[in-house]
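Fold and contact review
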Amino acid sequence: MAQKLVTPNEGRKVSKTPGHWVLAQLGKKVLRPGGKELTQKMLHALDITSSDRVIEFAPGMGYTARLCLEKHPQTYTAIEQNEQAVEIVRSYLNGVEQECKVGNAQQTGLEAEVASVVYGEAMLTMQSDNRKNEIIAEACRVLAAGGRYGIHELCIVPDDIDLGTMRAIQREISETIQHPAKPVTPSEWKQLMEDNGFEIEFEAIAPMHLLEPKRMIDDEGILGLLKIVKNLLIRPEARARVVGMRKIFRKHRSHLAAITLVAKKKNH
Ligand SMILES: C[S@@+](CC[C@H](N)C(=O)[O-])C[C@H]1O[C@@H](n2cnc3c(N)ncnc32)[C@H](O)[C@@H]1O
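Because the structure is a prediction, the values reported are computed rather than measured.

**What to know about unusual backbone geometry**
At the junction of Val157 and Pro158, the peptide bond is cis and its omega measures out at -5 degrees in the coordinates. With respect to the helices and strands, the residue Pro158 is situated in the loop between β5 (143-156) and α6 (163-177). Unlike most non-glycine residues, Gln178 shows phi in positive territory, near 55 degrees. Considering the arrangement of structural elements, one finds Gln178 in the loop between α6 and α7 (186-195).

Rendered as structure tokens:
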């Protein structure tokens, strides 16, 4: 009998559930700040083909995993720390060369230089400075020379924003999503990549419109959006969380954006 898939964090108190899992429980599939459009730009720059060995960090509900698998990479390996999410991603996989493992992106346990492409979305923002470095260094370790690494994250603009404003935004976002979040500026994201052995090849920025109606239609489709709206109507606690998150995103809209970077592993 087919196993029933459970959305991550189901059963947890809604007021304490990390924002991305509240959205997932409402039916939202796209959980990254620049939406489908920025994901597609990242994938285009990564240029995945049937000869690539791909590793995805933190696939979540598997949205990009499916787009990647449409390109028939030689191998696809995902590393995700949430067990329910792992089960959901596994339901999209078939073939011996496709797997999703429960694990941590900072210590994947994979052999060095096994991949030609690594990517991860909306997963570095939620890490401390140290952990961001560890994860990017791990991406570098598992990539063969010349391999490509794509990220898609939240950022704070402009590059010369004053530290006080930046810290206040980081604090308010962490509070509203009920999870630590430390988005940094575009130049800091690039520096993190460069410090860990990468050279930036592609960069794109999009507005942070995760919870805005037009983006929701673009990302989820009309039917997907209707399902989310129905769930919002019958789940007042989740509705309060979404309204709270959108309020903070709107409050800081002039300082928030989504960024994707695609970088190449430098030859030593
Ligand atoms: C905001 S969701 C993004 C999911 C998906 N990448 C997307 O963009 O739709 C963050 C995901 O990162 C995973 N995650 C966070 N830290 C991780 C880590 N250190 N290693 C592996 N997965 C991690 C979470 O379990 C969750 O699935």
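Next, the rest of the story.
**Comments concerning the site of the ligand**
Not every one of the 20 residues close to the ligand is listed here, only the nearest: Arg32, Ala58, Glu80, Ala105 and Glu121. The contact in question runs from a nitrogen atom of the ligand to an N or O atom on the backbone of Ala58, over 2.7 Å. Separating an oxygen atom of the ligand from a side-chain N or O atom of Glu80 is a distance of 2.4 Å. Within the residue set of the shell around the ligand, elements represented by two or more residues are α1 (19-25) and β2 (75-80). A breakdown of the residues in the shell around the ligand according to their chemical character gives nine nonpolar, eight polar and three charged.

**Section: the packing of aromatic side chains**
Describing an aromatic ring pair means giving the distance of the ring centres and the angle of the ring planes. All chains considered together, the criterion is met by one aromatic pair. Both rings, one in Tyr149 and one in Phe198, keep their centres 5.2 Å apart while their planes meet at 40 degrees; by these two values the pair is tilted. Taken together, the residues span a long stretch of sequence, with Tyr149 in strand β5 and Phe198 in strand β6 (residues 198-207) at a distance of 49 residues. For Tyr149, a relative accessible area of 0% corresponds to the buried category. Note on Phe198: relative accessible area 0%, which makes it buried.

Reading the values: the criteria
- Residue numbering note: each chain is counted from 1, following its sequence as written.
- Where totals are concerned, whole chains, interfaces and linings use all residues; where local detail is concerned, this predicted model gives features only for residues with pLDDT of at least 70, and gives and counts side-chain atom pairs only at 80 or more.
- The side-chain values count all of the structure's non-hydrogen atoms but skip hydrogen atoms and water molecules.
- Only DSSP runs of H or I covering at least 4 residues are called helices, and only runs of E covering at least 2 are called strands; the numbering of each starts at the N terminus.
- We define proximity as follows: a residue is near a molecule or strand when any one of its heavy atoms falls within 4 Å of that partner.
- For the purposes of these results, a polar contact is taken to be a pair of N or O atoms within 3.5 Å, where, inside protein, one atom must be able to donate a hydrogen and its partner to accept one; residues adjacent in sequence count only when each atom of the pair is a side-chain atom.
- Residues are sorted three ways: Asp, Glu, Lys and Arg are charged, Ala, Val, Leu, Ile, Met, Phe, Trp, Tyr, Cys and Pro are nonpolar, and all the rest, Gly among them, are polar.
- Note on aromatic pairs: the rings of Phe, Tyr and Trp (six-membered ring only in Trp) are paired at centre separations within 6.5 Å, and the planes decide the class, stacked below 30 degrees, edge-to-face beyond 60, tilted for the rest.
- Exposure is judged per residue with a 1.4 Å probe applied to protein chains only, and the accessible area is read against the type maximum: over 50% gives exposed, under 20% gives buried, and values in between give partly exposed.

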